[in-house]
Amino acid sequence: MSSSARGAKVRYAYRLRMSATAKALLLAEWDRCRWVWNQCVAASDAAHRTSITTGVKLECGPAQLDKLLTGWRAEHQWLSDGSSVAQQQTIRDFGRARTKALSDRKDKRLSPRQRRGLPKFKSKHRAAPSLNYTLRGFVLDGRVIRLAGGIVVRPLWSRELPAAPSSIRVYRDALDRWWCSFVVTRPDTELLPTTGQSIGIDWGVVDLAVTTSANHDLEHPQHGRAAAARLTRYQRMMARRKPARGAVPSRGYKAAKRAAAKQHAHVAAQRVDTGRKWAKSIVTDFDQIAVENFRPKFLARSRTARKAADGAIAATKRGLIEQADKHGRDLVLVDPKYTTTDCSSCGARAKHLLPLSKRIYRCDYCGNVAPRDKNSASVIRNRAGFVPAGVDGIRPERSPSGQAA
Ligand SMILES: [Zn+2]
């Protein structure tokens, strides 16, 4: 688990602060690149149709499109006013999207929905601006980024880049906020000092994570509550102002929709933040981490609260695995079967499933009494073969029932 991929490629995203000039320049650049993209769609469709009617395969890859681009730029002054680097990159992106779509079509493991979709026309009103730049197209100049075509943008550096980036994407989200995301090769592992400590982690609905440590339990992020109430209000507003079929949405409807989207983004960001901080504290304080291998069910009929909890658990678990991997910690995923019925002290299995209302585990064999979730967390740690510090310092063989999934 902990053997990390050597130099994993990861994305680091930052919010952008932009001057009105930069914004106008970027939008103009996006308009030209969108035009180039649409020309590529038309050209490759035409080549495909000619290939079918004549029976001779007509190539229309990046090399041919690059030649066409030279022609288009000679023909249109407004096009050659833009950066050629950005337009050439659009052709690369198009080529990659097309190749991927063609190979997806042959991949029988994908659903029909995932298999459709050759690159399509990007409409002015529906496609969100998004521009890619490789090393030729941007320079990191101190705290600012200089993009091809003399565009300067300022990221809000919320965290340090771990290495020099190899490419950058500049884009606008549904809330009209601008972002940039860098692709960087993260250094192998950042080893943390050993602590000699182990921990067991059990996921739950009441508390998001209950652990064998007194100081590392994680409550369900409560920012959900107040925000959920606000969200419901905006959604009701949207329902009241919902436009008739085919009618143009009112200004009020758009405002409510925007407010709801904003609320969503806010809650999601806070969840990610809380989860990240918790995962960091776990990998800092423990060498050995045993985690219940929770798999969300997303039952169609389950309550909203349960669905939200499932989502939060899945995201937190993923974050924890990433952190353990990054810092070279030993993380074992443990099958959740019988973790609620087994005794963490003597290993005996209770005959009956404990009803959810009973919060205390009592062992009939050894008399062990423990809070139910704490008992489960200990069972999980035992199954991974981790011994609490100070018991004997010897790590036993992993029991067969505790095999990592
Ligand atoms: Zn017992």
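Everything here concerns the structure above.
A short tour of the structure in this document, coming up. (Residues numbered from 1 in each chain as written. Predicted model: local features only at pLDDT ≥ 70, side-chain atom pairs only at ≥ 80, totals over all residues. Heavy atoms only, no water.)

Attention now moves to the packing of helix 1 (residues 20–54) against helix 4 (residues 84–106). Geometry of a packed helix pair, given as the angle between the helix axes and the separation of the axes. Here helix 1 crosses helix 4 at 40°, and the two axes come no closer than 9 Å. Between helix 1 and helix 4, the angle falls in the class oblique. When you trace helix 1 past helix 4, the crossing you get is right-handed. Taken together, the residues of helix 4 that come into contact with helix 1 (itself represented by Glu 29, Arg 32, Cys 33, Val 36, Trp 37, Cys 40, Val 41 and Ser 44) are Ala 86, Gln 87, Thr 90, Ile 91, Asp 93, Phe 94, Ala 97 and Arg 98. Its residues assigned to classes, the contact of helix 1 with helix 4 comprises nine nonpolar, three polar and four charged. (Axes fitted to C-alpha atoms, helices over the stretch in contact; angles between N-to-C directions. Helix = DSSP H or I, 4+ residues; strand = E, 2+ residues; numbered from the N terminus. Parallel < 35°, antiparallel > 145°, perpendicular 65-115°, else oblique. Left-handed = near helix turned anticlockwise from the far one by under 90°. Contact = heavy atoms within 4.5 Å. Nonpolar A, V, L, I, M, F, W, Y, C, P; charged D, E, K, R; others polar.)

All right, on to the sheet that holds strand 9 (residues 207–211) then. Strand order in the open sheet formed by five strands is 10-9-8-11-12, with mixed pairing between adjacent strands. Every other strand in the sheet has two partners, leaving strand 10 (218–219) and strand 12 (330–334) as the edge strands with one partner each. Sitting on the sheet, helix 9 (residues 372–384) is in contact with strand 8 (198–203), strand 9, strand 11 (288–292) and strand 12, with an inclination near 125° to strand 8. (Pairing = 2+ DSSP bridges.)

For the rest of this paragraph, the subject is the packing of helix 1 against helix 2 (residues 62–75). Contact geometry for helix 1 and helix 2: axes closest at 11 Å, N-to-C directions at 125°. Overall, the two elements helix 1 and helix 2 adopt an arrangement that is oblique. Between helix 1 and helix 2 lies a crossing whose hand is right-handed. Along the contact surface, helix 1 presents Trp 35, Val 36, Gln 39, Cys 40 and Ala 43, while helix 2 presents Leu 65, Leu 68, Leu 69 and Trp 72. Looking at the contact of helix 1 with helix 2 residue by residue, the classes come out as eight nonpolar, one polar and no charged.

The element strand 12 is extensively covered by neighbouring structure, given that four of its five residues are classed as buried. One ladder, built from five bridges, connects strand 11 with strand 12; its direction is parallel. Each bridged residue has a counterpart across the sheet, and for Val 291 the counterpart in strand 12 is Leu 333. (Buried < 20%, exposed > 50% of the residue type's maximum accessible area, 1.4 Å probe, protein only.)

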